[in-house]
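# A structural walkthrough
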Amino acid sequence: MNAPQQHVRDLTALASQLGFEKQATRTAIEKFLWWRKDLRDQAKIVVDDALVNAFLDFLQQQKQRPALSQIQAAPRPVAPKRAATEFEAYKADAAATFNARRQKLASYVEGKSAGRQDITSRNAAPLTIPGLFGVERHVAQRPAERRPRGAAGEAGPAPSRFDVTDPTVVADGSYGSDWERLDTVDLANLKVFGNKGFRHSQKRICELALAKRDVFVLMPTGGGKSLCYQLPAAVAPGLSIVISPLLSLINDQVKALVDKDYPATYLSSSQTERERKAVYRELAKTRPTIKLLYLTPEQFVKSGALQDILGRLHRAGFLSRLVVDEAHCISQWGHDFRVDYKNIGKVKQTLFPGLPSMALTATATEAVRTDVMKTLHMTKKSTDVFRVSFNRPNIRWQVLPKNYENDKDGIPQYVAYIAEYINTKWPGESGIVYCMTRDECEETCAYLRDEFGVRCGFYHAGMTPKQRNLVQLAWKAGRLPVICATVAFGMGVDNAHVRFVVHQSMPQSMEGYYQESGRAGRDGQPAEAVLLFHQRDVGRVKRLIYMAKGKKKSKEIKAKLMEQMQEYCVDARECRRKLILAYFGETFCAERCAGTCDNCAARNKRRPRK
Ligand SMILES: Nc1ncnc2c1ncn2[C@@H]1O[C@H](COP(=O)(O)OP(=O)(O)OP(=O)(O)O)[C@@H](O)[C@H]1O
């Protein structure tokens, strides 16, 4: 199938999820692709937010027109003038964003970025990232009398951009107006990332990373883990490697960084030969200008050519750090175990001895943390562990009984409940309904959409990557507020405004549940996590675990994790927040829950009023 035909198929699937009539949209899509010459001519395309938005707007316009057949017949669409102009604007905008991103990325790896300088040596001219140039200039021009002074009053050492211990720093949000008081880490945070302050322990983590310590970061979803390695990588000399489990996650991160003029790139099978070669060419230089290189674990562990090149850079002292994102994938006790993750430690020890590491995760229990540290050869002595509370005060946790019976129209009552919950409590708001199987996922979506008028789509591993990507983009853009999904809708799902996450059935583990429900309320606004529980689902989950591929031992571990999940579901007394946090080794006083879980709310109701 050639590329345009593939686009037609994928975009049609998306349009039908949105309720557009299939045959009519097919022709419209062909028109759309005809307009978007860039898509038609390329074997590989980047389907990004701009493209999906342009497409959906285009569909909307087509739908409003009574005679779609006219469009079919005409060589160019006969749209009302205003609409056509609007679409032209969308088109131009989408194409411009698309091209700008590609060009930026290409210019980094091919070394064409205007005004770029070598940013890698301590004595080199200021950092080449345009945003950071001001930082450098500022530090370099700091007047001598205002530099930090030693005890005897003598002038302190001239500040360098690795000077991260300025005692006058105003951390955690309040910068004041005096720029002289800010150190390099603060300035990089402001200039490169546009943040006015640090969250949690971000600053300390950056400082320790710059001091070449091993660091283990446990921070809840949305806590701000990325900054902990992106900032030190920008400021430290040399190149940092980031291992991340998903291509979509890598793409999102690199895109966001390139948009900030940050020299980051990646190597993946989704790149064209030309793109891959350009990255290799850059890496083969004595001093590559790339600061952050994203890789999948498979590539890091299996690609001999890449290992050779990175090994050479390490021997030349040019590697700065190995970062392992979503580090719980290393451990069999984590809910997302990946074999290639397990081998990262071996490769690191053999090819990159002495290279500082950073491991980051949002879900590690004590057992997982110990496992990860052991695998990555991070010793207690050389490693600083940062744990941010996993409490999410803005999420209301609830477990409700699930009713399997059908209502008078033959619709399962639990589906009718979900529909009513969405339509009365969160109409039009963004949310996720997690389902146990692919079939349930499609079925629930059909019920919600066709019987109850909920605007929703579905997402599961049985769809092609492109179809999944389209649905995810439509969801992110707010076009499909609700997604019925299996756990395949997982890592990398980054939408701050999710108001609710419903689990239609019991999840497989507490870790998974925390991760999935934690996608609600990343913007800090009130959100809800509702789990529907029926004893029947315990047997179903168990069957899924034992029927899946894998070794007996790993299945037994999964069954144990599931039992803990079951205990959580059947507990009708203890504070949910306390149970979740205790699972991650954190103590929480139930009083602080203040009725924000079903068990505490029920207890408060029962209590006689004074
Ligand atoms: N210091 C900060 N000030 C303002 N915004 C911040 C700060 N740190 C992070 N953020 C923002 O918070 C959001 C979440 O950050 P990030 O994606 O790094 O979280 P995360 O911990 O990696 O989450 P996940 O586990 O889902 O990947 C991002 O939009 C990021 O820009």
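Please read all numbers here as calculations on a predicted model, not as lab measurements.

## Comments concerning the site of the ligand
- Around the ligand, the structure places 13 residues, and the nearest of them are Gly-197, Gly-222, Lys-225, Ser-226 and Arg-522.
- The side chain of Ser-226 places a nitrogen or oxygen atom 2.8 Å from an oxygen atom of the ligand.
- Protein burial of the ligand: of its 630 Å² of free accessible surface, 69% is covered by the chains.
- In terms of residue class, the shell around the ligand is made up of two nonpolar, eight polar and three charged.

## Looking at helix α12 (residues 273-283)
- For α12, the full list of buried residues reads Ala-278, Val-279, Glu-282 and Leu-283. The arc enclosing the buried residues of α12, seen along the axis, measures out at 135°, which places them on a common side. Away from its buried face by more than 90 degrees, α12 exposes Arg-274 and Arg-281.

## Section: a positive patch on the surface
- Together, Lys-342, Lys-346, Lys-374 and Lys-553 make up a region of like positive charge exposed at the surface.
- Within the secondary structure, Lys-346 is located in helix α16 (residues 344-351).
- Its relative accessible area of 57% is what places Lys-346 among the exposed residues.

## Topic: the pairing of strand β11 (residues 482-485)
- Here β11 shows no split at all, with Val-482 and Cys-484 on one side and Ile-483 and Ala-485 on the other all buried.
- Note: strand β9 (residues 430-434) against β11, four bridges, orientation parallel. Counted as the bridge partner of Val-433 is Cys-484 from β11.
- Note that strand β10 (residues 456-459) and β11 share four bridges and pair parallel. Bridge pairing in β11 places Gly-457 opposite Ile-483.
- Read as a crossover between parallel neighbours, the route from β10 over helix α20 (residues 465-476) to β11 is right-handed.

## Focus on the packing of helix α8 (residues 184-191) against helix α10 (residues 225-235)
- One way to put it is that α8 packs onto α10 with a least axis distance of 10 Å and a crossing angle of 110°. In terms of axis orientation, α8 runs roughly perpendicular to α10. The segment α8 lies against α10, with Thr-184, Val-185, Ala-188 and Asn-189 engaging Leu-227, Leu-231 and Val-235.

## Structural notes on the nonpolar core
- Formed by 111 residues in total, the largest nonpolar core has its most connected members in Leu-283, Phe-300, Leu-310, Leu-448 and Tyr-568.
- Beyond its immediate stretch of four places on either side in the chain, Leu-283 contacts Leu-239, Leu-267, Pro-288, Ile-290, Leu-293, Leu-306, Ile-309, Arg-312 and Leu-313.
- Counting 36 residues, the second largest nonpolar core, distinct from the first, contains Ala-188, Val-242, Ile-250 and Val-254.

## Quick word on the packing of aromatic side chains
- Counted according to the given criterion, the structure contains 14 aromatic pairs.
- For the ring pair Phe-193 and Tyr-262, a centre distance of 6.2 Å and an interplane angle of 55° mean the geometry is tilted. Taken together, the residues Phe-193 in the loop between α8 and α9 (202-210) and Tyr-262 in the loop between α11 (247-259) and β3 (264-266) connect sequence positions 69 residues apart.
- Accessibility expressed as a relative area gives 0% for Tyr-262, which makes it buried.
- Between Phe-300 and Phe-352 the ring centres are 5.7 Å apart and the planes differ by 25°, which places this aromatic pair in the stacked class. On the criterion of sequence distance, the pair formed by Phe-300 in helix α13 (residues 297-302) and Phe-352 in the loop between α16 and β6 (357-361) is long-range, its members being 52 residues apart. Just as Phe-300 is buried, Phe-352 falls in that class too.
- The structure contains a cluster of three or more aromatic residues connected by ring pairs, namely Phe-390, Tyr-514, Tyr-583 and Phe-584.
- Sitting over the ring of Tyr-404, Arg-536 keeps its end group 4.1 Å from the ring centre.

## Examining the sheet that holds strand β4 (residues 292-295)
- What the seven strands build is an open sheet, ordered β3-β4-β2-β5-β6-β1-β7; its pairing is parallel. Only two strands of the sheet have a single neighbouring strand rather than two, namely β3 and β7 (383-387). Going across the sheet, the axis of each strand differs from the next one's by a mean of 15°, ignoring polarity.

## Let's talk about the sheet that holds β10
- Pairing within the open sheet is parallel, and its six strands lie in the order β8-β13-β12-β9-β11-β10. Two strands bound the open sheet, and with one partner strand each, they are β8 (395-401) and β10. For this sheet, the mean angle separating the axes of adjacent strands, direction not counted, is 15°.
- Of the strands in this sheet, β8, β9, β11, β12 (498-503) and β13 (527-533) touch helix α18 (residues 413-425), which is tilted by about 170° from β13.

## Comments concerning the state of the cysteines
- Considering all chains together, one arrives at zero disulfides under this definition.
- The thiol of Cys-456 is unpaired, and the distance to the nearest cysteine sulfur, on Cys-445, comes to 3.7 Å.
- As a non-bridged cysteine, Cys-597 has Cys-600 as the owner of its nearest cysteine sulfur, 3.6 Å distant.

## Focus on the pattern of salt bridges
- Counted under the stated rule, the structure contains 20 salt bridges.
- A salt bridge links Glu-440 to Arg-540, with the nearest nitrogen and oxygen atoms 2.6 Å apart. On the criterion of sequence distance, the pair formed by Glu-440 in helix α19 (residues 438-452) and Arg-540 in helix α22 (residues 535-547) is long-range, its members being 100 residues apart.
- Classification of Glu-440 by relative accessible area gives buried; the value is 10%.
- With a relative accessible area of 18%, Arg-540 lands in the buried category.
- Bridged by salt links that share partners, the residues Asp-186, Lys-203, Arg-204 and Glu-207 form one connected network.

## Looking at the environment of Leu-56
- Among the secondary structure elements, Leu-56 is positioned in helix α4 (residues 49-64).
- Overall, Leu-56 belongs to the buried group, its relative accessible area being 3%.
- A C-alpha to C-alpha distance of 9.5 Å links Leu-56 and Leu-11, two positions 45 residues apart in sequence.

Reading the values: the criteria
Residues numbered from 1 in each chain as written. Predicted model: local features only at pLDDT ≥ 70, side-chain atom pairs only at ≥ 80, totals over all residues. Heavy atoms only, no water. Near = heavy atom within 4 Å. Polar contact = N/O pair within 3.5 Å; in protein donor to acceptor, adjacent residues only side chain to side chain. Areas by Shrake-Rupley, 256 points an atom, 1.4 Å probe, with all protein chains shown as cover. Nonpolar A, V, L, I, M, F, W, Y, C, P; charged D, E, K, R; others polar. Buried < 20%, exposed > 50% of the residue type's maximum accessible area, 1.4 Å probe, protein only. Helix = DSSP H or I, 4+ residues; strand = E, 2+ residues; numbered from the N terminus. Arc of directions from axis to C-beta. Patch = residues over 30% accessible without salt bridge, like charges linked within 9 Å, V, L, I, M, F, W, Y side chains within 5 Å. Salt bridge = Lys/Arg side-chain N within 4 Å of Asp/Glu carboxyl O. Lys, Arg positive; Asp, Glu negative; His and termini not counted. Charge placed at Lys NZ, Arg CZ, Asp CG, Glu CD. Pairing = 2+ DSSP bridges. Right-handed = clockwise from strand over helix to strand, strands pointing away. Axes fitted to C-alpha atoms, helices over the stretch in contact; angles between N-to-C directions. Parallel < 35°, antiparallel > 145°, perpendicular 65-115°, else oblique. Contact = heavy atoms within 4.5 Å. Core = buried A, V, L, I, M, F, W, Y, C linked by side-chain atoms within 4.5 Å. Phe/Tyr/Trp six-rings, centres within 6.5 Å; stacked < 30°, edge-to-face > 60°. Lys NZ or Arg CZ within 6 Å of the ring centre and 35° of its normal. Disulfide = S-S within 2.5 Å.

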